[in-house]
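Fold and contact review
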Amino acid sequence: MAKITQAAVDAALRTLRAAPDALLKTRAAEIATIQTRAQTTGVLVGGGEAVADATPENPRLAFYEAQYDRWSDADKAICLWGEVRDRLLGNDGEDLNRAEAMEEGAILFGVDEQGNPLIANGGSGPILTNMNYPNTRNAVLFTEKDGRQVPTGYEMLSNEGEIRAFEAFTGKPVVQPSEGFVPSFQDNGWRGIWCESGDNPVWVRYAYVCPGFVRARLCDRGPQYRVPGLGVRRLLRVLKKS
């Protein structure tokens, strides 16, 4: 990270004013180079100095930056691209790795109420289908390593605000109806996803769609409910690294 301070610019200007005529053109060119570089390499101004990032953008981020460019102005004001980038790359890129491992591509679709970027797995239908809520939640939140359960870093969509944000970004329901039927289950296109409802709930929130729905409807079910068309959309909440 190279730094261009106001003091450096001022010093160059003082030298320019005191320089013999023979050096005027040389010094002017140097100052123009400094100022041009400050304007074209991602300058952040704060604390009385300008800081230019001369490091090329990580090419793995281009996919997510393109999605960020489609965010609403309100979401961009809450979380700047530089913050999204730094969070994805923090801790040796652990969240970038998690995003890239998500099913059918990752969708960076907005921020939560605390301003944390949200990434969901791609695809039109639910994943981890035909399981009840406890088993689905456990499969999303944990994986087995060396004989013990360890957190995956993933979550389930947790509230209507996140569902509506996903639908607004994609222009489609959070999960799309199917055509035809699943063997032994005439679903009439019905599809749904479990939503985070805590550990051992009496009732569980889920979102569902049928043909003709432009967005999902939310309802409650008992945690042991299980049908082939009901699954989950995996979520990655990109938290600030300590």
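Right above here is the structure, for reference.
Here we summarise the structure given alongside this text. What you see is a predicted model; the values in this text were computed from it and never measured.

1. Things to note about the sheet that holds strand β9 (residues 191-194)
Hydrogen bonds along the backbone pair up the strands of a sheet, which may run parallel or antiparallel. Taken in spatial order, the four strands line up as β11-β10-β9-β12 in an open sheet, and their pairing is mixed. Across the chains shown, the open sheet's two edge strands, defined by having one partner strand only, are β11 (217-221) and β12 (230-231).

2. Re the packing of aromatic side chains
Per the stated rule, a full pass over the model turns up 10 aromatic pairs. Both rings, one in Y68 and one in W71, keep their centres 4.6 Å apart while their planes meet at 50°; by these two values the pair is tilted. Taken individually, Y68 and W71 each receive the classification buried, so the pair is uniform in this respect. Ring centres of Y68 and W81 lie 5.6 Å apart, and the angle between their planes is 50°; on these two criteria the pair is classed as tilted. Taken as a pair, Y68 in helix α3 (residues 62-68) and W81 in helix α5 (residues 81-100) lie far apart in primary sequence, 13 residues in all. Both residues of the pair, Y68 and W81, belong to the buried class. Here a set of aromatic residues connected by ring pairs shows up, and it is made of Y133, W190, W194, Y206, Y208 and F213. Against the face of Y225 rests R221, its NZ or CZ located 4.0 Å from the ring centre. Above the plane of the ring of Y154 lies R234, whose end atom (NZ or CZ) is 5.1 Å from the centre.

3. Regarding the side chain of N116
Mapped onto the secondary structure, N116 falls in the loop between β4 (106-111) and β5 (117-121). A polar atom in the side chain of N116 sits 2.8 Å from the side chain of R87. Setting aside chain neighbours within four positions, we find N116 in contact with R87, G110, V111, R237, V238, L239 and K240.

About the thresholds
- Residues numbered from 1 in each chain as written.
- Predicted model: local features only at pLDDT ≥ 70, side-chain atom pairs only at ≥ 80, totals over all residues.
- Heavy atoms only, no water.
- Pairing = 2+ DSSP bridges.
- Helix = DSSP H or I, 4+ residues; strand = E, 2+ residues; numbered from the N terminus.
- Phe/Tyr/Trp six-rings, centres within 6.5 Å; stacked < 30°, edge-to-face > 60°.
- Buried < 20%, exposed > 50% of the residue type's maximum accessible area, 1.4 Å probe, protein only.
- Lys NZ or Arg CZ within 6 Å of the ring centre and 35° of its normal.
- Polar contact = N/O pair within 3.5 Å; in protein donor to acceptor, adjacent residues only side chain to side chain.
- Contact = heavy atoms within 4.5 Å.

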